[in-house]
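Here is how the chains run, residue by residue.
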Amino acid sequence: MIKSVLHNTSCFHCGDECQKDNLVSFDDKSFCCSGCKTVFQILNKNNLCDYYSFNEVAGVKRIENSNVQKFAFLDNPDLSARLIVFSNQQQTAVNFYLPQMHCSSCLWLLENLHKLDGGIVFSTVNFPDKQVTVYFNPAILSVRQVAELLSSIGYEPHISLDTNNTKQKEQHFIARKATIKIGIAGFCFANIMLLSFPEYLGLDTLAKDGLSATVFRWLNLFLSLPVLLYSGSEFFVNAWYGFKQKILNIDAPIALALAVTFTRSIYEIISVVGGGYLDSMSGIIFFMLVGRAFQTKTFANLKFNRDYTSYFPIAVCKIDQEKEESYLSVSEIKIDDTIRIRNQEVIPVDGILIKGQANIDYSFVTGENETSLVKMGEIIYAGGKQTNGSIDLLVVQPFSQSNFTRLWNHDAFKKENKQRYTFTGIISNYFAAAVFFVALTAFVYWYNISSVNAWNALTAVLIVACPCALLLTTTFTQGFILNIFSNKGLYLKNANILQIIPSINHIVFDKTGTLTKANQSTVQYEGKRLSDNDLAVFAAMFAQSLHPLSRSIAKYLKASDYSLTNVKEQLGLGIEAWENDTHYKLGSSIFQGIDSEKNNASAVWVSINNQVYGKFEVINQLRDHVDQLINQLPYSVSILSGDNDRAAGYLISKFTKKVQCFFNQTPQDKLTYIANLQQQSSTVMMVGDGLNDAGALQKSNIGIAVVDNTIQFSPASDAILLADKLPYLNDYIKAAISAKNLIKLTFVVSLLYNVIGLYFSVTAQLSPLVAAVLMPMSTLSIVLTTMLGSFYIEKKHFNHT
């Protein structure tokens, strides 16, 4: 879409370029819209313009002409109570999620809300979670007024059905618990190492000073108990779950090795023959927990498992028989209730249109880029968004039974286990058997020579041959790579996804909103020359239509306030007007009464006095460099779209390689296509952006949701990719392949230490000193190798990003 831009003029508030037609000036400053000017005036009036001094582009764009009743539902005590975290007669604390929060200026402003309104006592910000807790005087302010205050300065709270959901609280609890485990393991490990130094260096000095080695050994045993029973408990729990499911996961041999290490250490301490291997055991648990935490820390605040509840509003406006409005929770709306949906609100139920002009955007559900004009008495389905004024609906299916909810709860949308065949999973399946074989062989060999050495060899092999090195190799390598990916705009749900990426051989793309730019298009005219007066009339006709194609063309023609009096619109076909004794018509080829070849874009034909002059074509633009990406991918590529096939020619012309394109695809069609590919032994990566892609994202081996920012709603997925990083998808795949090779290389390095340790084990020569030296050397070499290798991967694959 052609835009007229006033170059070198940026909005003082938000930093966006100011459109020439929309430029707003105030106090010798330029603003891109009246919303940004309003926020500046509020801050300036309250002496809060220091807000702009912290960051070059600090401001958040304020939504213009926002619905004044948007937060009216918060007047309902039952609904506002979901947001309140503390309340008494003097003070109430309310928590809001603010996805716009992005910099230190936001932090400063949100912590100074008390300067904007005397009813606010103070406010605290949780920046990682993008949440603010506002403490206010309930005698002066209400929850609704606090929300409206935040909205007035550009920080409109996002309130949906999943606000303060239990899943997010559980995740925070688990993360906190993991941190405590690392702290306990680290403290005990350091002290056990300190108390073990006399054991490493000999006990002669201790004996001369009257100290007994037994005291230090029992202290070590005492310190190791919380490490094994609390910090290391997850290894035993995971191993038990795997055993119940008849799966030998990587934690199973680790749990066995930890149990054997602890048992043998107790035996040596009680029998006064040695100090055992409690230092090695505690160190391994500590480093493995650190590695796992390193992997997951980057993504603690990303939402990969969001469901439909984060898309729908928390409440809806109900109209009673006296035409009075009241706000109820969505779950309280029943069949035959009348509800009011205002502009830009999401429809949470299936209902019949009984009042107003409905122009519904179903793009998130169907993938169809065009809005739908609904006639009076027709059904409007849940999941659509009203885009023009307010409408009233008669509910025919409540929220829990709507088509939208049934679609989401379909079995295809359930989470599948995509982590069964990872590299570490395959290795762990055979590792335990190999360890048992070596241990039993050593035991049999030594048993006829010395039963003491036989038991020493058996336990030492199980201790030294623990797959801890493999786990450390995997966790640290993946941790470094995940951190690199996140810095480059790709956020993986977990580390195991990184191991599946190298095995893909087919990539399926959604078109609308994924390959193409959302709500951006190019308009071109093809046909006879139109006079300036004819263009002005057609521009006015396009401006009066609610159809998205008409809107795009009206903006392209820069429609003015040209007034038309004799206008007639035929819904779904076109518009005709009579001006200056001239008959103008615009619309589809059928409306014009002509036969047209299949268009390569959405087309609107124009005629004057029943003579066709030409057509305006609206083409959805591909994202920058996406055509180069697809042409370079060394995999089979398919494109699925919920749109019609009018853009097929345009798409195919952009690609030099063979690409299969399928249009008019329903969510079930997309899911079935993925399933058919997998039945043909394909490992499929699905790249999409909307609910209509959710089933396919779940069914695919790797599902990637493309978003414009990480706080945008996206369907449940294995990864989140920033839209402007989509052209680098092949680089991410190459980096994942390099990461897998690095894991293999580092595993070989750690295996060398295992071989050395096994030699001492099977020859019954493993002493605490040897074990104490091998463990830190192995760990240090693994961390250094993975770190250097990861830096090389970043430099090799992401030098240009």
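Before reading on, note that the structure itself is shown above.
About the thresholds
Residues numbered from 1 in each chain as written. Predicted model: local features only at pLDDT ≥ 70, side-chain atom pairs only at ≥ 80, totals over all residues. Heavy atoms only, no water. Helix = DSSP H or I, 4+ residues; strand = E, 2+ residues; numbered from the N terminus. Buried < 20%, exposed > 50% of the residue type's maximum accessible area, 1.4 Å probe, protein only. Contact = heavy atoms within 4.5 Å. Areas by Shrake-Rupley, 256 points an atom, 1.4 Å probe, with all protein chains shown as cover. Expected span 1.5 Å × (residues − 1). Pairing = 2+ DSSP bridges. Axes fitted to C-alpha atoms, helices over the stretch in contact; angles between N-to-C directions. Salt bridge = Lys/Arg side-chain N within 4 Å of Asp/Glu carboxyl O. Parallel < 35°, antiparallel > 145°, perpendicular 65-115°, else oblique. Left-handed = near helix turned anticlockwise from the far one by under 90°. Nonpolar A, V, L, I, M, F, W, Y, C, P; charged D, E, K, R; others polar. Core = buried A, V, L, I, M, F, W, Y, C linked by side-chain atoms within 4.5 Å. Domains from an automatic or database assignment. Patch = residues over 30% accessible without salt bridge, like charges linked within 9 Å, V, L, I, M, F, W, Y side chains within 5 Å. Bend = angle between axes of the 7 residues up to and from the residue.

Visitor: Tell me about the overall build of the chain, and name the residues and values.
Guide: Each helix and strand in the chain was counted, giving 26 helices and 30 strands. For the chain, the residues scored as buried account for 51% of the 801 residues in total. Excluding contacts between residues fewer than 6 apart, the proportion of contacts in the chain whose partners are at least 24 apart in sequence is 68%. About 37,000 Å² of surface is accessible on the chain, with carbon and sulfur atoms providing 54% of the total.

Visitor: Tell me about helix α23 (residues 667–679), and name the residues and values.
Guide: Taking 1.5 Å of rise per residue, 13 residues should cover 18 Å, and α23 covers 19 Å from first to last C-alpha, within 8% of that figure. Along α23, the positions that sit buried rather than exposed are Pro 667, Lys 670, Leu 671, Tyr 673, Ile 674, Ala 675 and Leu 677. Taken from the residues just after α23, Ser 681 is the one with a positive phi, measuring 70 degrees.

Visitor: Would you mind going over the sheet that holds strand β7 (residues 120–126) in detail, with residue names and values included?
Guide: Strands belonging to one sheet form pairs held by backbone hydrogen bonds; the direction of such a pair is parallel or antiparallel. The 4 strands lie next to each other as β5-β6-β8-β7, forming an open sheet whose pairing is antiparallel. Edge positions in the sheet fall to β5 (84–87) and β7, since each has one partner strand and no second. Across the sheet, the mean angle from the axis of one strand to that of its neighbour is 15 degrees, orientation sign disregarded. Pairing between strand β6 (residues 92–97) and strand β8 (residues 131–136): 6 bridges, direction antiparallel. The partner of Val 94 across the bridge, within β8, is Val 134. Together, β5, β6, β7 and β8 form the strand contacts of helix α4 (residues 143–152), whose direction differs from that of β6 by roughly 40 degrees.

Visitor: Describe the pairing of β5, naming the residues involved and giving the relevant values.
Guide: Summarising the sheet, β5 and β6 pair through 3 bridges and their orientation is antiparallel. Residue pairing in the sheet places Ser 87 in a bridge with Thr 92 of β6.

Visitor: Any details on the environment of Lys 585? Residues and values, ideally.
Guide: In this structure, Lys 585 sits in strand β23 (residues 582–587). Distance in space between the C-alpha atoms of Lys 585 and Met 541 is 8.9 Å, their sequence separation being 44 residues. Those residues in contact with Lys 585 that lie beyond four places of it in its chain are Phe 538, Met 541, Ile 575, Glu 576, Phe 591, Gln 592, Trp 605, Val 606, Ser 607 and Asn 610.

Visitor: Break down the environment of Leu 490 for me, citing the residues and quoting the values.
Guide: You can see Leu 490 is positioned in strand β18 (residues 490–492). Using a relative accessible area of 2% as the deciding quantity, one classes Leu 490 as buried. Put simply, Leu 490 and Leu 721 are 231 residues apart on the chain and 4.6 Å apart in space, counted from C-alpha to C-alpha. Excluding residues that lie within four positions of it along the chain, Leu 490 makes contacts with Phe 485, Ala 719, Ile 720, Leu 721 and Tyr 732.

Visitor: Hey, could you go over the sheet that holds strand β10 (residues 325–329) for me, with residue numbers and the actual values?
Guide: Spatially, β10-β9-β11-β17-β12-β15 is the arrangement adopted by the 6 strands of the open sheet, whose pairing is antiparallel. Looking at which strands have only one partner, the edges of the open sheet turn out to be β10 and β15 (379–380).

Visitor: Explain the pattern of salt bridges to me, using residue names and the numbers behind them.
Guide: One pass over the full model with this rule turns up 10 salt bridges. Here Asp 75 makes a salt bridge to Arg 144, at a shortest N to O gap of 2.7 Å. Of this pair, Asp 75 sits in the loop between α1 (34–45) and α2 (77–80) while Arg 144 sits in helix α4, placing them 69 residues apart in sequence. On the basis of relative accessible area, Arg 144 is assigned to the buried category, the value being 16%. Linking Lys 181 and Glu 234 is a salt bridge whose minimum nitrogen-to-oxygen distance equals 3.7 Å. Linking Lys 181 in helix α5 (residues 166–201) with Glu 234 in helix α8 (residues 233–244), this pair joins segments that are 53 residues apart in sequence. One network of salt bridges, with partners in common, ties together Glu 325, Arg 340, Arg 342 and Asp 392.

Visitor: Outline the packing of helix α7 (residues 213–231) against helix α9 (residues 251–270), listing residues and values.
Guide: The contact between α7 and α9 brings their axes to 11 Å, and the two run at 160 degrees. As far as their axial angle goes, α9 and α7 are roughly antiparallel. Between α7 and α9 lies a crossing whose hand is left-handed. For the pair α7 and α9, contact is made by Arg 217, Trp 218, Leu 221, Ser 224, Leu 225 and Leu 228 and by Leu 258, Phe 262, Ile 266, Ile 269 and Ile 270, respectively. Its residues assigned to classes, the contact of α7 with α9 shows 9 nonpolar, 1 polar and 1 charged.

Visitor: Would you mind going over the nonpolar core in detail, with residue names and values included?
Guide: Grouped together as the largest cluster of nonpolar side chains are 50 residues, with contacts concentrated most on Phe 73, Phe 96 and Leu 110. Counting residues per element, the ones that place at least two in this core are α1, β6, α3 (104–110), β7, β8, α4 and β9 (315–319). With 5 residues, the single largest contributor to this core is α4. Both domain 1 (2–54) and domain 2 (315–409) contribute no fewer than three residues apiece to this core. Excluding its chain neighbours within four sequence positions, the residues that come into contact with Phe 96 are Leu 83, Lys 130, Gln 131, Val 132, Val 143, Val 146, Ala 147, Leu 150, Pro 157 and Ile 159.

Visitor: Break down a nonpolar patch on the surface for me, with residues and values.
Guide: Together, Val 237, Trp 240, Tyr 241 and Phe 243 line one region of the surface with nonpolar side chains, adding up to about 470 Å² of accessible area. Its location among the elements puts Phe 243 in helix α8.

Visitor: Provide a residue-level description of α7, including the pertinent values.
Guide: The terminal C-alpha atoms of α7 lie 26 Å apart, and with 19 residues this matches the ideal 27 Å at 1.5 Å per residue to within 8%. Residue Ser 224 marks the point of greatest curvature in α7, where the axis turns by about 30 degrees; the proline Pro 226 follows within four residues. The complete set of buried residues in α7 reads Ala 213, Arg 217, Asn 220, Leu 221, Leu 223, Ser 224, Val 227, Leu 228 and Ser 231.

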